[in-house]
Amino acid sequence: MNIKKWFLLLLCLTFFNAVSFGQSQEKKFKLVIDAGHGGEDPGCKGRKSMEKNVTLNVALKLGKLISDNFDDVQVIYTRKTDVFVEVYKRAVIANNNHADLFISLHCNAAENRSAHGVETWVMGLAKSDANMEVAKKENAAILKEKNFENNYEGFNPNSPEANVIFSLHTSAYMSHSIMLADKVQKNLVRNTHLVDRTVKQAGFWVLYKVAMPSILVELGFLSNATEEEYMIKPTSQDIMAVSIYNAFVEYRNALDGGSRKTLPLPKVTETKDMAS
């Protein structure tokens, strides 16, 4: 074969490899993991901990599990360090990346310090005062932002009309959001042995603005001393991350008929955590 033919063959191989690489990149499933709060916004506080640290720990653990076990998934974080990211920018990050799924991680708190348990939320109209209070608490983070009136179309979480803005919301992603929320809730309750506060609906701005299936997870109550002690342990955070990971595996399998394996729960050994 002469040099000209070799050159043409090499050129063709290079072209087809580039096309194949581009196609494989395009096929990646994009998951946005949102560690709630951060920086100057600590979220709710327990006696020993802050929400922003617990959510960051679990988010990073979850993202690593997915990156290590899924070649076809790109993990995108709204934050990877203790920084303040405006609520509206979290939705922008997800939308600009054309993500396929959005998971926002939070911790709960209540004036009643005996309140406890896990709950998973999807976007919807709050149909009870209790649901509205949870959404109001999480949406209140926007009040820490400069020019929040402009960024949130005049929305004020403390106004009596705050829930009305969500009343016209209809989501093409509701069925998939509920499917994932149900799997996350079941895995977390089974593996953490925390009380099942079920899957619920309420108006969370960050879920309202993302154009993809999305859920918000309240991992437990930092205002409950016993539950806080559990949640701040690195091994407990490992269990929570594996639980959400396994729910994600089940969700992907349900979508495409796959047979990916879930992970066993980690052995309980104490190690120093990076952001506790």
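Residues numbered from 1 in each chain as written. Predicted model: local features only at pLDDT ≥ 70, side-chain atom pairs only at ≥ 80, totals over all residues. Heavy atoms only, no water.

Description of the overall build of the protein
Helix and strand content of the protein: nine helices and six strands. Expressed as a percentage of its 276 residues, the buried residues of the protein come to 48%. Sequence-distant contacts in the protein: of pairs separated by 6 or more residues, those separated by 24 or more amount to 80%. Element-wise, carbon and sulfur atoms account for 55% of the exposed surface of the protein, whose accessible area totals about 14000 Å². (Helix = DSSP H or I, 4+ residues; strand = E, 2+ residues; numbered from the N terminus. Buried < 20%, exposed > 50% of the residue type's maximum accessible area, 1.4 Å probe, protein only. Contact = heavy atoms within 4.5 Å. Areas by Shrake-Rupley, 256 points an atom, 1.4 Å probe, with all protein chains shown as cover.)

Some points on the packing of helix α6 (residues 174-192) against helix α9 (residues 234-256)
The description of two packed helices rests on the angle between their axes and on the distance between the axes. Between α6 and α9, whose axes approach to 8 Å, the crossing angle comes to 145 degrees. Helix-helix and strand crossings are classified by hand; for α6 and α9 the assignment is right-handed. Two secondary-structure elements touch here, α6 through H176, M179, L180, K183, V184, N187, L188, N191 and T192 and α9 through I239, M240, S243, I244, N246, A247, F248, E250, Y251, A254 and L255. (Axes fitted to C-alpha atoms, helices over the stretch in contact; angles between N-to-C directions. Left-handed = near helix turned anticlockwise from the far one by under 90°.)

Details of the nonpolar core
One recurring pattern in soluble globular proteins is that nonpolar side chains are buried together. If you look at the biggest cluster of nonpolar residues, it comprises 44 residues, and the most contacted ones within it are L31, I66, I103 and I244. Counting residues per element, this core draws most heavily on α9, which supplies nine residues. Filtering out sequence-adjacent residues up to four positions away, I66 remains in contact with L31, V73, V75, Y245 and F248. By size, the runner-up hydrophobic cluster in this structure holds 19 residues, among which are W121, I142, W205 and V210. (Core = buried A, V, L, I, M, F, W, Y, C linked by side-chain atoms within 4.5 Å.)

Overview of the side chain of Q185
If you trace the backbone, Q185 turns up in helix α6. You can call Q185 buried: its relative accessible area is 3%. Excluding residues within four positions of it along the chain, Q185 makes contact with V118, E119, T120, D196, R197, T198 and V199.

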